[in-house]
Amino acid sequence: MLLCLAGCSGSAKQETKPKPAPKEKPLLDQPLTVNVPHGEATIRGELPRRDLIYHITWGEGVIQVGNEGIFAGTMDAVSGEFYEKGTPASTFRADHAKADRATDTLTLTGHVTVVSKTQDATLTCDKVEWRNKEQIVKAFGHIEIRGGNGIISGLDELWATPKLDYISTPGMYKKP
């Protein structure tokens with residue numbers, strides 16, 4: 001008996017898949033902590049407009065740097081400006097600040113004062129959270145607002161626009 005094996009042998013070409021590109025090694029394996037002397041920073045919104053959000057100066061601070069740049073920092077002896085729609089809305093001063101890019105929040109603590117540039121209003125308190133995306137100034141602890149319309153005090157929490165032209169308790173706040 002004769003067996004014919006045709007086409008069973010030979011050199012069939014096997015397809016070779018391209019090797020995937022090697023993963024790029026991150027520049028930093030761990031975030032880098034950097035002590036910084038006196039400095040300043042201007043924070044802008046997202047593209048396409050890139051409106052100014054706030055400007056801050058500090059006496060000294062510590063910043064956290066990762067592969068995408070600076071993502072957080074703590075600062076002492078701070079002052080600066082909050083912006084509303086790219087226009088200076090108020091100035092601020094505080095003993096300390098913490099900036100966090102992940103939450104788009106600047107937190108001011110210790111002898112906080114915010115002064116409106118357009119209204120006759122000054123806010124003092126223990127802590128302010130500036131929420132970039134919501135454009136809200138959230139004040140906490142020993143709150144007092146002084147202005148041409150009188151004095152408001154004795155509240156534990158208050159929300160306001162950056163110009164301090166709309167002020168409310170959290171439960172009553174409606175974005176103007």
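Remember, it's a predicted structure, so these values are computed and weren't measured experimentally.

### Observations concerning the overall build of the protein chain
Point 1. Scanning the protein chain from terminus to terminus reveals zero helices and 11 strands.
Point 2. Sequence-distant contacts, at least 24 apart, represent 37% of the contacts inside the protein chain between residues at least 6 apart.
Point 3. Summing over all exposed atoms, the protein chain offers an accessible surface of approximately 12000 Å²; the carbon and sulfur share of this is 54%.

### Observations regarding the environment of Arg93
Point 1. Along the polypeptide, Arg93 turns up in strand β6 (residues 87-100).
Point 2. When the C-alpha atoms of Arg93 and Ser79 are compared, they prove to be 4.3 Å apart, with 14 residues separating the residues in sequence.
Point 3. Beyond its immediate chain neighbours, meaning those up to four positions away, Arg93 contacts Val78, Ser79, His111, Val112 and Thr113.

### Notes on the nonpolar core
Point 1. Counting residues in hydrophobic clusters, the biggest one holds 29 residues, and the most contacted among them are Ile56, Phe82, Leu106, Leu108, Leu123 and Val128.
Point 2. Mapped by element, the contributors of at least two residues to this core are β3 (52-58), β5 (69-84), β6, β7 (105-116), β8 (121-131), β9 (136-147) and β10 (150-160).
Point 3. In terms of residue count, β8 provides more of this core than any other element does, five residues in total.
Point 4. Among residues more than four places away in sequence, those in contact with Leu123 are Val112, Thr113, Val114, Val128, Val137, Ala139, Ile143, Glu144, Ile145 and Leu164.

### Observations regarding the pairing of β9
Point 1. Bridge count between β8 and β9: nine bridges; the pairing is antiparallel. For Lys127, the partnering residue across the bridge sits in β9 and is Phe140.
Point 2. Counting the residues between successive antiparallel strands, the hairpin from β8 to β9 contains four residues, one of them, Gln135, with a positive phi of roughly 55°.
Point 3. Where β9 meets β10, nine bridges bridge the pair, whose relative direction is antiparallel. Within β10, the residue paired with Arg146 across the bridge is Ile151.
Point 4. If you look at the hairpin formed by β9 and β10, you'll find two residues sitting between the two strands.

The rules we used
Residues numbered from 1 in each chain as written. Predicted model: local features only at pLDDT ≥ 70, side-chain atom pairs only at ≥ 80, totals over all residues. Heavy atoms only, no water. Helix = DSSP H or I, 4+ residues; strand = E, 2+ residues; numbered from the N terminus. Contact = heavy atoms within 4.5 Å. Areas by Shrake-Rupley, 256 points an atom, 1.4 Å probe, with all protein chains shown as cover. Core = buried A, V, L, I, M, F, W, Y, C linked by side-chain atoms within 4.5 Å. Buried < 20%, exposed > 50% of the residue type's maximum accessible area, 1.4 Å probe, protein only. Pairing = 2+ DSSP bridges.

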